Amino acid sequence: MVTLAEVAQHAGVSASTVSYVLSGKRSISATTRQRVEESIRELGYHPNAGARALASSRSNIIALMIPLRTDMYVPVMMEIAIAVATTARTHGYDVLLLTGEEGPDAVRRVTGSGLADAMILMDVELDDDRLPLLRGTDQPSVLIGLPADTTGLTCVDLDFAATGALCVEHLAMLGHRDIAVIGEAPAVYERHTGFAERTLDGLRARARELGLRVLHRPCEGGYDAMAATLARVFDERPATTGFVVQNESAVEPLLALLRQQGRAVPEDVSVVGICPDQVATQASVRLTSVAIPAQEMGRHAVEQLVAKLDGRGSDEVLLLAPELTVRASTGPVPSGS
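An unreviewed UniProt entry lists the chain under the name LacI family transcriptional regulator, with Streptomyces spinoverrucosus given as the organism.

1. A few points about the pattern of salt bridges
Tallied over the full model, the rule gives 17 salt bridges. When the shortest N-O distance is used, the salt bridge between Arg108 and Asp105 registers 2.9 Å. Remark: Asp105 and Arg108 occur in helix H6 (residues 104–113); sequence separation between them is three residues, near one turn of the helix. Exposure remark for Arg108: the relative accessible area of 44% places this residue in the partly exposed category.

2. Points about the side chain of Thr229
Along the chain, Thr229 falls in helix H11 (residues 223–236). Those residues in contact with Thr229, other than ones at most four positions away along the chain, are Ile182, Arg217, Pro218 and Cys219.

3. Describing the domain arrangement of the chain
Under the domain assignment, the chain is made up of domain 1 (4–47), domain 2 (61–158 + 294–320) and domain 3 (160–292). Every contact between the two is made by 16 residues of domain 2 and, on the other side, 18 residues of domain 3. Interface area, domain 2 with domain 3, both sides summed: about 1,500 Å², of which 60% is carbon and sulfur. Joining domain 2 to domain 3, the criterion identifies two salt bridges. With its nearest N and O atoms 2.9 Å apart, the salt bridge here joins Asp71 to Arg191. The interface formed by domain 2 and domain 3 contains seven residue pairs in polar contact (both at pLDDT 80 or more). Those elements giving two or more residues to the side of domain 2 that touches domain 3 turn out to be strand S5 (155–158) and helix H14 (294–309).

4. Regarding the packing of aromatic side chains
Counted under the stated rule, the structure contains two aromatic pairs. A ring pair is formed by Phe160 and Phe195, whose centres lie 5.6 Å apart and whose planes are at 50°; its orientation type is tilted. In this pair, Phe160 is assigned in helix H8 (residues 160–173) and Phe195 in helix H10 (residues 194–210), connecting sequence segments 35 residues apart. What makes Phe195 buried here is its relative accessible area of 17%. A ring pair is formed by Phe234 and Phe243, whose centres lie 5.9 Å apart and whose planes are at 70°; its orientation type is edge-to-face. Judged on exposure class, the residue Phe234 and its partner Phe243 are both buried. Stacked on the ring of Phe234, the Lys or Arg Arg263 has its end atom at 3.6 Å from the ring centre.

5. Regarding the environment of Asp128
In this structure, Asp128 sits in the loop between strand S3 (118–121) and helix H7 (131–135). Each C-alpha atom of the pair Asp128 and Phe234 lies 35 Å from the other, and the pair is 106 residues apart in sequence. Polar contacts involving the side chain of Asp128 include one to the side chain of Arg130, which spans 2.9 Å.

6. Overview of the nonpolar core
In globular proteins that are soluble, nonpolar side chains generally tend to be buried together. Of all hydrophobic cores here, the largest spans 46 residues; its most connected members are Ile80, Ile120, Ile144 and Val244. When residues of this core are assigned to domains, at least three map to each of domain 2 (61–158 + 294–320) and domain 3 (160–292). Residues contacting Val244, with those up to four places away along its chain left out, are Cys167, Leu171, Ile179, Ala180, Val181, Ile182, Leu203, Val272 and Ile274.

The rules we used
- Residue positions are given per chain, counted from 1 along the sequence in the order it is written.
- Whole-chain, interface and lining totals are the exception, using all residues; otherwise, since this is a predicted model, local features are given only for residues with pLDDT of at least 70 and side-chain atom pairs are given and counted only at 80 or more.
- For side-chain calculations, the full set of non-hydrogen atoms in the structure is used, while hydrogens and water are omitted.
- Each salt bridge in this description consists of a side-chain nitrogen of Lys or Arg and a carboxyl oxygen of Asp or Glu lying within 4 Å of one another.
- Secondary structure elements follow DSSP: runs of H or I no shorter than four residues count as helices, runs of E no shorter than two count as strands, and numbering proceeds from the N terminus.
- A 1.4 Å probe rolled over the protein chains alone gives each residue an accessible area, and that area as a share of the maximum for its type sets the label: buried under 20%, exposed over 50%, partly exposed in between.
- Contacts: residue pairs with any heavy atoms within 4.5 Å of one another.
- Where each domain begins and ends follows an automated or database-derived domain assignment.
- Values labelled buried area give the accessible surface lost by two parts on being combined, using a 1.4 Å probe and summing over both.
- What qualifies as a polar contact is a pair of N or O atoms within 3.5 Å, subject to a donor-acceptor requirement within protein and to the restriction that residues adjacent in sequence count only when both atoms come from side chains.
- In this analysis, rings of Phe, Tyr and Trp, with Trp reduced to its six-membered ring, are considered paired at centre separations within 6.5 Å, and the interplanar angle assigns stacked below 30 degrees, edge-to-face beyond 60, and tilted for intermediate values.
- Counted as over-ring charges are cases with an Arg CZ or a Lys NZ within 6 Å of the ring centre that also lie within 35 degrees of the ring normal.
- Put simply, buried Ala, Val, Leu, Ile, Met, Phe, Trp, Tyr and Cys residues joined by side-chain atoms within 4.5 Å make one nonpolar core.

Pasting the structure below:
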């Protein structure tokens, strides 16, 4: 293993000069810096992480808190996590993944141990019990998600309220007046998870403005749960012709059940999904959908966090505008409906 002293000897400088080049703590001439950096590359020198952390009070690690719950669509969560990890690496940071449902205890563990320089939190609830700890610490943090009160916080998310409104506007434009929303599992709403609540709020508000009727039914996903939910929808609102689905595991069961009932998509019923493009394009009927911009969310979160670590960032809320892609699952309301 190449040592710092060997780099110094190769570059013809003192060991302290190499250390200053690595830490940036002192101004070094451009010529000397270039010579040291060339020696580092040629020799393949990698500073010892532990020694570097002791010297700089930095671990160069970002903690990503991503509770992996059974009622959440894990592929989306992991796509965001991968975007966080790859973007962090370009800025010289590694990522520590915390996947347990520890809540405030996980925040205390990170802030109290020096495990990481900063935190990114996912699966944010409207009244998330981790937030008071974040507001009470100097350690930089970013939320991928939007709580009810964003004071003193930095957040990035898809604008889910606008997403819900966009879905219902599309169906209204096609003449649909009775809309059913197939939502996430009941536990997601019981926790008041931000993205699900905000989608519903935006959808309902826009539906009221447009004079549409909306029926919302949470669903565990899977065929049996979807069958029971669909039966309930048509029992309570027989005139339903438009569906908005915010539950990836319910998409294919819904389409299959509609086929079995003789309801053609989109001739009899239109379906809009809020889901990754891969889910929408691989469905048995290609779904009109609003995509989840997982990579952009992860990238923006890291960039905001690095800016805060460098003393450039400030508390702000970044909401990504939704984009609806029209495919084969939506069409005009059937005549006579």
